[in-house]
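# Fold and geometry: a report
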Amino acid sequence: MELTRDADLRPLNTFRVPARAAFLARVEETDDLRRCLALPQLRELPRLVLGGGSNILLRGDFQGLVLSICLRGMRVLGEDAEATYLRAAAGEPWHDLVGWSIALGHAGLENLSLIPGTVGAAPIQNIGAYGVELAERLHAVEALDLASGELRRLQPADCGLGYRTSAFKQGALSGHVVTAIEVRLPRQPRWVLDYPGVREALQAGADALDAARVSDAICGIRRRKLPDPVELPNAGSFFHNPVVATETLARLRAEHPELPAFRQADGRYKLSAAWLIERCGWKGQRRGDAGVYPGHALVLVNYGRATGAELWALAEAIRDAVAERFGLLLSPEPLVL
Ligand code: NAP
């Protein structure tokens, strides 16, 4: 296992902000996690688990141990009458799993194309896009309990999956490191094409669909709307879409009749955080090298030399503006440290 003292975290976060870690461990096999926990100088330190670093804002240095999850490998587990089951290690890039499943001829992950980050981060956030979320395809999660060193196999029902959240993020599984996931891909595809632009991007209509075509359409939309973190560092959506009660929606719609809202299964309404931010005039704004992407108000970007503290100051200003105008408190989607 590779262990570095006073490590540079800049290459390990997609905002590319400067930060250092007291220790950085490159975890290439599950036993590396146990080895870290066995070392007296590491055992008591605060820990941070990093996958692709695409959902984190580092406001400063981290005086602890960063576990960089580099576990690799993907394989077909098997199939039954209804579905095919695939397994991927936590350090695989998420989009590689999507691309591989499609190349094998399986549908199910196409709407989740091009989401940045690793496989291991997917259940933490219960990633979702274009009307599909991981919870609908997840079969099992393998995770190591850092307290006991025990490797556990968890069912989706154990994972507390919610709207862009899970028990790994907040709750009973927060002391666990995801080491692998298994997905269940139904043999009978069910295309989800309702989000704006998806049907249009498929051009020739929905008659001869396959997963590769849907994936290409989603990739095309994402590339047009969202900045590539390699070219313009960012961490995807910076705020959660707020979910509000009917009374709150009625109050807001009285003043803003055009406010988009999507009814949830529990009867509440999901609002578009991007719309709220844009209405407050923040889309395309810039403070030094910290900015709001001109093409999408939900994405904060680093134009070069922004620090984590500067990006956070911008996020706070946006949050305050939305709170003042709409009476809603936006919460950040990335982990802010
Ligand atoms: P959009 O089409 O401009 O819509 C704005 C918001 O409205 C989205 O956040 C989406 O919620 C919601 N929405 C739109 N159509 C909907 C429908 N038919 N039913 C329910 N909710 C609907 O969206 P966008 O911002 O370009 O994003 C498109 C998709 O990519 C979304 O699913 C979004 O979550 C995903 N995305 C993810 C990231 C990330 O970093 N995690 C970044 C950008 C976009 P939902 O977010 O709940 O889908």
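### Quick notes on the site of the ligand
- As a matter of local geometry, the ligand sits amid 18 residues, with Tyr163, Tyr195, Lys225, Lys270 and His296 nearest to it.
- One of the side-chain nitrogen or oxygen atoms of Asn241 is found 2.8 Å away from an oxygen atom of the ligand.
- Secondary structure elements with two or more residues in the shell around the ligand: strand S8 (128-129), helix H6 (211-225) and strand S13 (234-237).
- Its residues assigned to classes, the shell around the ligand comprises seven nonpolar, six polar and five charged.
- For the shell around the ligand, the two domains that each supply at least three residues are domain 2 (74-225) and domain 3 (234-336).

### Side note on the state of the cysteines
- With the rule as written, the count across this model stands at zero disulfides.
- Its sulfur unpaired, Cys36 is 11 Å from the next cysteine sulfur, which belongs to Cys70.

### Things to note about the sheet that holds strand S19 (residues 299-302)
- Pairing in this open sheet of four strands is antiparallel, and the strands run S13-S19-S18-S17 from one edge to the other. This sheet does not close on itself; its edge strands, each paired only once, are S13 and strand S17 (286-287).
- With three bridges joining them, strand S18 (residues 290-292) and S19 adopt antiparallel strand pairing. When the bridges of S19 are listed, Val292 appears paired with Leu300.

### Notes on the domain arrangement of the protein
- Each assigned domain of the protein is listed with its residue range as follows: domain 1 (2-69), domain 2 (74-225) and domain 3 (234-336).
- The C-alpha-based centres of domain 1 and domain 2 are spaced at 25 Å.
- Counting residues at the interface gives eleven residues for domain 1 and 13 residues for domain 2.
- Where domain 1 abuts domain 2, roughly 960 Å² becomes buried across the two surfaces, and 70% of that area is made up of carbon and sulfur atoms.
- In terms of surface lost to domain 2, no three residues of domain 1 exceed Leu33, Arg34 and Ile69, which account for 39% of the buried area on that side.
- Where domain 1 touches domain 2, the interface holds zero salt bridges.
- Our count for the contact surface shared by domain 1 and domain 2 stands at three residue pairs in polar contact (both at pLDDT 80 or more).
- At the level of secondary structure, the elements contributing two or more residues to the side of domain 1 that touches domain 2 comprise helix H1 (30-38) and strand S3 (47-50).
- Broken down by element, the residue count for the side of domain 1 that touches domain 2 peaks at four residues, all from H1.
- Among the residues making up the side of domain 1 that touches domain 2, the classes are represented as four nonpolar, five polar and two charged.

Cut-offs applied
- Residues numbered from 1 in each chain as written.
- Predicted model: local features only at pLDDT ≥ 70, side-chain atom pairs only at ≥ 80, totals over all residues.
- Heavy atoms only, no water.
- Near = heavy atom within 4 Å.
- Polar contact = N/O pair within 3.5 Å; in protein donor to acceptor, adjacent residues only side chain to side chain.
- Helix = DSSP H or I, 4+ residues; strand = E, 2+ residues; numbered from the N terminus.
- Nonpolar A, V, L, I, M, F, W, Y, C, P; charged D, E, K, R; others polar.
- Domains from an automatic or database assignment.
- Disulfide = S-S within 2.5 Å.
- Pairing = 2+ DSSP bridges.
- Contact = heavy atoms within 4.5 Å.
- Buried area = accessible area lost by both parts, 1.4 Å probe.
- Salt bridge = Lys/Arg side-chain N within 4 Å of Asp/Glu carboxyl O.

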